[in-house]
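One-letter residues, chain by chain:
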2 protein chains.
Amino acid sequence: MDLQTLQHEAASRTGLTVTRRDVERVLAALQRTGDVWKVVEYSRTPMRVVCALLDVLQENGGLTVQGDQLVFTAEGQAFCEQQGIAPFTTATCPTCEGRGVVLDLLGDIRERFHTIAQQRPTPLRQFDQGYVTPEVTLARVAFLWERGDLVHKDIIVLGDDDLVSLALALTRRPRRVVVLEIDERLVRFIEEQKAAHQLTALEIVQHDLREPLPEALCGRFDVFVTDPTESFVGFRAFTERGLLALRGAGSAGYFGLTHVESSLKKWRDIQRFLLDYGLVITDLRDGFNRYVNWGYEADMRSWAWLPVKVPPRDMWYTSAFYRVEWVEPQEIPNRPFSGNIFEDAEAATT
Amino acid sequence: MDLQTLQHEAASRTGLTVTRRDVERVLAALQRTGDVWKVVEYSRTPMRVVCALLDVLQENGGLTVQGDQLVFTAEGQAFCEQQGIAPFTTATCPTCEGRGVVLDLLGDIRERFHTIAQQRPTPLRQFDQGYVTPEVTLARVAFLWERGDLVHKDIIVLGDDDLVSLALALTRRPRRVVVLEIDERLVRFIEEQKAAHQLTALEIVQHDLREPLPEALCGRFDVFVTDPTESFVGFRAFTERGLLALRGAGSAGYFGLTHVESSLKKWRDIQRFLLDYGLVITDLRDGFNRYVNWGYEADMRSWAWLPVKVPPRDMWYTSAFYRVEWVEPQEIPNRPFSGNIFEDAEAATT
């Protein structure tokens, strides 16, 4: 067993780019936890690659399964020590969970939003849904506020599984909040909450983001917020719609991006296309978004890859929160996207 | 007075790209503070642009100087309200100051490093020096640790005004820490501390980063750390040396980048050249680095731009902390850079 063999074996089994560093990250995570879901989280490596590596490690006698836990064999442990791979360690701030922002600005909105969130519809696999905790939604609002993207701004939310539109509107600071959402259950829920809390600045449109952005929404917003599906084409579809909605130079966009379903190679491809569209990345806070377990784990394509078929107990799916700002606006095509935009080789949750 | 006039006037006086959003950011900052240095900090806009805007606002009767404070006139205040520009607001976590990491991992290293930092040499303008607080240097170490870039790693520090090399070595976790530093006072200080604390993994080389990287250091490191001078050519020189020192795919680099001396246009140019070299940006935490006032403010080129000639009372110069990782390593030239690499149109502290 050596790192290069593990790397090449994982690459050839998955067809994905795997670096020696990815292997190190998985071994570091395994030294900290035996919970396969937390290994995915701690390793910041695509789930598909993690699972392939776990298979190879088991076959090579470096790893065993005891109950629902992954455990290094004596040989596996010795290998890590010999390679100088230390256990995964965190220095995350306990107050803000590493997000860098607190919610004091939001006052009693915090409590009101928690109450709203308790009544929300459950996630649907059909739309690749899975939502963040209420604290994360509120932290996004605080972060937008700090960045000057909230007060008196026109904000568009593209897909709103996370109920960001409601949290934004509850502050009563934006001039306008428009939310596009495909799921009629969510549309109805947001409409109901709008009425209950008299959120006059909030507009809800049922819309499939695969369709072109309605003309009336093009070039009318200061800010977009979205949590895209992560196939490259799906990500591109969501962010192109966001950019189409923006006014121009100085407008800003926010989105999430994971390591679970996106390799660093895909991250780089995405960053290149953002820069090519004239944007600059102003903030990138990894681990900002934490998702509530959605309940359809056993139906995901990644279930088949797991060496231990056990549902997640704790939160494990996290994403980075990006802010981009338009420096040199470019022409954005308003094209339809057809078929399945949710899946690519790295997708795990579809 | 309107936003567009302010924008165009600031652009034509400075020759720099100025967006309407930059004007908004400066007006938002001015609504929060009358301290010109804090306006620079809060606005996240190049100092040169901020100062040009302050001039235009004064000439237009929107702003006056009272003592050492900038104060909106009634007309200026009305203009902000009419434009819907709200005061700059922060949601920064008080525990970690927005950095997202705490120092618990570091144990008594924290106290030892503070003691070392109290004896350090003062900054020299000749080398564009200016150092971060000891807490920030320690937070960088905690962040590297969390990212798996510390334990058993070979780390190169390119220019070490911040004494990162000492803080890294004090953890006794890296395999090797090499520091290249031009200033013989700092070289001597780091040597003395190395001896006093028996930091056997630490090597100090007196070196001018304008010269090619010594062959013996090329391709030998897992991680580089640098806080580059911010002219585009200077930034490029420092990061190219860092990349030359790295082993390849999966190696990582850390550096600071400000808004004080770098417009978002320059940020974008820098991000493009990083991606072109095969890197991906994995973390970008704005405001992570906070710098102690260096004492030569009145000798800086930006002193002449200030509408109020008053030395800074509080910290005001901050920078974002970037982490990049090499996905597709490219050939990096090991060329000499001659002349003044510290200055470009946006430089303020030279």
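Every value quoted in this text rests on a predicted model; they were computed, and no experiment measured them.

Student: Where do I start with the interface of chain B and chain A in this structure?
Tutor: Often the size quoted for an interface is simply the accessible area lost on bringing the parts together. With 56 residues of chain B at the interface, the matching set in chain A holds 56 residues. Taken together, the connections running from chain B to chain A amount to 10 salt bridges. Counting across the interface, chain B meets chain A through 32 residue pairs in polar contact (both at pLDDT 80 or more). Going through the elements one at a time, helix 2 (20-30), helix 7 (134-146), helix 11 (264-276), strand 8 (279-290) and strand 9 (318-326) of chain B are the ones with two or more residues in the side of chain B that touches chain A. Looking at the side of chain B that touches chain A, its residues break down into 24 nonpolar, 14 polar and 18 charged.

Student: What exactly am I supposed to notice about the relation of the copies chain B and chain A here?
Tutor: The operation relating the pair of chain copies consists of a rotation about an axis and a translation along that axis. The transformation that overlays chain B on chain A combines an axial shift of 0.0 Å with a rotation of 180°, and the residual RMSD is 0.0 Å. Such a combination of rotation and displacement between the chain copies is what one expects of a two-fold axis. When you check the interface residues of chain B against chain A, 100% turn up at the interface there too, and the contact is symmetric in its surfaces.

Student: What am I meant to see in the pattern of salt bridges here?
Tutor: Pairing of side chains with opposite charge becomes possible as their charged atoms draw close. Going through the model one piece at a time under the given rule, you end up with 68 salt bridges over all chains. Of the charged contacts in the structure, one is a salt bridge between R323(A) and E325(A), with a shortest N-O distance of 3.0 Å. The buried category is assigned to R323(A), whose relative accessible area is 2%. Of the charged contacts in the structure, one is a salt bridge between R147(B) and D283(B), with a shortest N-O distance of 2.8 Å. Within this pair, whereas R147(B) is found in the loop between helix 7 and strand 3 (154-158), its partner D283(B) is found in strand 8, the two being separated by 136 residues in sequence. Here R147(B) and D283(B) have matching classes, each one buried.

Student: Teacher, can you tell me more about the packing of aromatic side chains here?
Tutor: What characterises a pair of aromatic rings is the spacing of the ring centres plus the angle enclosed by the ring planes. Considering all chains together, one arrives at 36 aromatic pairs over all chains under this definition. Between W37(A) and W316(A), the ring centres sit 4.6 Å apart and the planes meet at 55°, which makes this aromatic pair tilted. Of this pair, W37(A) sits in helix 3 (residues 36-43) while W316(A) sits in the loop between strand 8 (279-290) and strand 9 (318-326), and the two are 279 residues apart along the sequence. The two residues W37(A) and W316(A) agree in class, both being buried. Lying across the ring of F273(A), R236(A) places its NZ or CZ 4.6 Å from the centre. For R99(B), the ring lying beneath its charged end belongs to F288(B), and the centroid distance is 5.9 Å.

Student: Help me understand the confidence of the model for chain A, please; the structure alone is not making it clear to me.
Tutor: When pLDDT drops low, the exact placement of atoms in the prediction is not to be read closely. Summing up the model confidence of chain A, the mean pLDDT is 95 and the portion of residues at 70 or higher is 100%. Listed scores for the predicted complex are pTM 0.97 and ipTM 0.97.

Student: Even after reading the chapter, I still don't get unusual backbone geometry, so can you show me in this structure?
Tutor: Leave glycine aside and you will find that most residues have negative phi; peptide bonds, for their part, are mostly trans. Residue L163(A) is not a glycine yet carries a positive backbone phi of 60°. Assessed through its relative accessible area of 1%, L163(A) is described here as buried.

Calculation rules
Residues numbered from 1 in each chain as written. Chains lettered and ligands numbered in written order. Predicted model: local features only at pLDDT ≥ 70, side-chain atom pairs only at ≥ 80, totals over all residues. Heavy atoms only, no water. Contact = heavy atoms within 4.5 Å. Salt bridge = Lys/Arg side-chain N within 4 Å of Asp/Glu carboxyl O. Polar contact = N/O pair within 3.5 Å; in protein donor to acceptor, adjacent residues only side chain to side chain. Helix = DSSP H or I, 4+ residues; strand = E, 2+ residues; numbered from the N terminus. Nonpolar A, V, L, I, M, F, W, Y, C, P; charged D, E, K, R; others polar. Least-squares fit on C-alpha atoms with pLDDT ≥ 70 in both. Buried < 20%, exposed > 50% of the residue type's maximum accessible area, 1.4 Å probe, protein only. Phe/Tyr/Trp six-rings, centres within 6.5 Å; stacked < 30°, edge-to-face > 60°. Lys NZ or Arg CZ within 6 Å of the ring centre and 35° of its normal. pLDDT = per-residue confidence, 0-100.

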